[in-house]
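Geometric and topological summary
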Amino acid sequence: MKTLVVYFSAEGTTKKVAEEFAKDNNFETFEIIPENPYSKADIKWTNPLARCNKEKFMKKNVPVKSKINDFAGYNRIFLGFPIWYYGAPNVVNTFCNEYDWSGKSVVVFATSGGSPIGKTAEKLQPYLKNVKSLDAVLIKTADEIKKYL
């Protein structure tokens, strides 16, 4: 089974977990990078005018900088991101909309400073059309992904 670890990381937490998990399991990685990278001010959710708030509440697409060339060649995708408003950041939704997920198994791993996993997988489902299976887990370390599996 060909596996890819895909992640978006705003402050480095998710990146650290994703890269460690991929390295420990000899999986390839792909980082979701917005065309317009986030600054610290952009992700300061306590500021109602911060970019992250505007994107979420206005349901904006956030263009992604690059694409995966052979996405069809992967059977299983580990998809990681920080939880924003009890779900995936809009850049992750935009990324997911750009691919055909038919027949793929997806395991979402989310990092959070305090939010629960909640309905993260359910909210992501519309962007993962025809996915074979979808699971989600809230984690802090790469070992927690392994334990979940």
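Here's a quick rundown of the structure.

Cut-offs used in this document
Residues numbered from 1 in each chain as written. Predicted model: local features only at pLDDT ≥ 70, side-chain atom pairs only at ≥ 80, totals over all residues. Heavy atoms only, no water. Buried < 20%, exposed > 50% of the residue type's maximum accessible area, 1.4 Å probe, protein only. Helix = DSSP H or I, 4+ residues; strand = E, 2+ residues; numbered from the N terminus. Pairing = 2+ DSSP bridges. Right-handed = clockwise from strand over helix to strand, strands pointing away. Phe/Tyr/Trp six-rings, centres within 6.5 Å; stacked < 30°, edge-to-face > 60°. Lys NZ or Arg CZ within 6 Å of the ring centre and 35° of its normal. Expected span 1.5 Å × (residues − 1). Arc of directions from axis to C-beta. Contact = heavy atoms within 4.5 Å. Axes fitted to C-alpha atoms, helices over the stretch in contact; angles between N-to-C directions.

This part takes up the pairing of strand S4 (residues 105-111). Burial runs high along S4: seven of the seven residues are buried. Side chains of S4 alternate between two faces, with Ser105, Val107, Phe109 and Thr111 and Val106, Val108 and Ala110 buried alike. Here strand S3 (residues 76-82) pairs with S4 via seven bridges, running parallel. What sits directly across from Leu79, in S4, is Val108. In this view, the connection linking S3 to its parallel neighbour S4 by way of helix H3 (residues 90-97) has right-handed handedness. Both S4 and strand S5 (residues 133-138) contribute to a ladder of six bridges, which runs parallel.

What follows deals with the packing of aromatic side chains. For the structure shown, the criterion picks out 11 aromatic pairs. Aromatic side chains Phe30 and Phe95 sit 5.9 Å apart centroid to centroid with 25° between the ring planes, which places their arrangement in the stacked category. Taken together, the positions of Phe30 in strand S2 (residues 28-31) and Phe95 in helix H3 put the pair 65 residues apart, joining distant regions of the chain. Of the two residues, Phe30 and Phe95, neither departs from the other in class, the shared state being buried. Grouped by ring-pair contacts, the aromatic residues Phe30, Phe71, Phe95, Tyr99 and Trp101 constitute a single cluster. Here the basic side chain of Lys2 rests over the ring of Tyr74, its NZ or CZ set 4.6 Å away from the ring centre. Residue placement shows Lys104 over the ring face of Phe71; its charged tip is 4.9 Å from the ring centre.

Further remarks concern helix H1 (residues 13-25). In an α-helix, one full turn covers 3.6 residues, which means residues spaced three or four apart are oriented alike. Taking 1.5 Å of rise per residue, the 13 residues of H1 would be expected to cover 18 Å, and the 19 Å separating its terminal C-alpha atoms lies within 8% of that figure. Here H1 has its buried residues at Thr14, Val17, Ala18, Phe21 and Ala22. In an axial view of H1, the angular spread of the buried residues amounts to 125°, which keeps them on one side of the axis. Residues of H1 that are exposed and point more than 90 degrees away from the buried face comprise Lys16 and Lys23. Where H1 is buried, its residues meet strand S1 (3-7), S2, S3, S4 and helix H5 (142-148). Asn26, located one to two residues past H1, shows a positive phi value of around 60°.

Read from one edge to the other, the open sheet built from five strands follows the order S2-S1-S3-S4-S5, with strand pairing classed as parallel. Looking at which strands have only one partner, the edges of the open sheet turn out to be S2 and S5. Pairs of neighbouring strands in the sheet enclose a mean axial angle of 20°, with direction left out of account. Packing against the sheet, H1 makes contact with S1, S2, S3 and S4, and its axis sits at approximately 170° to S1.

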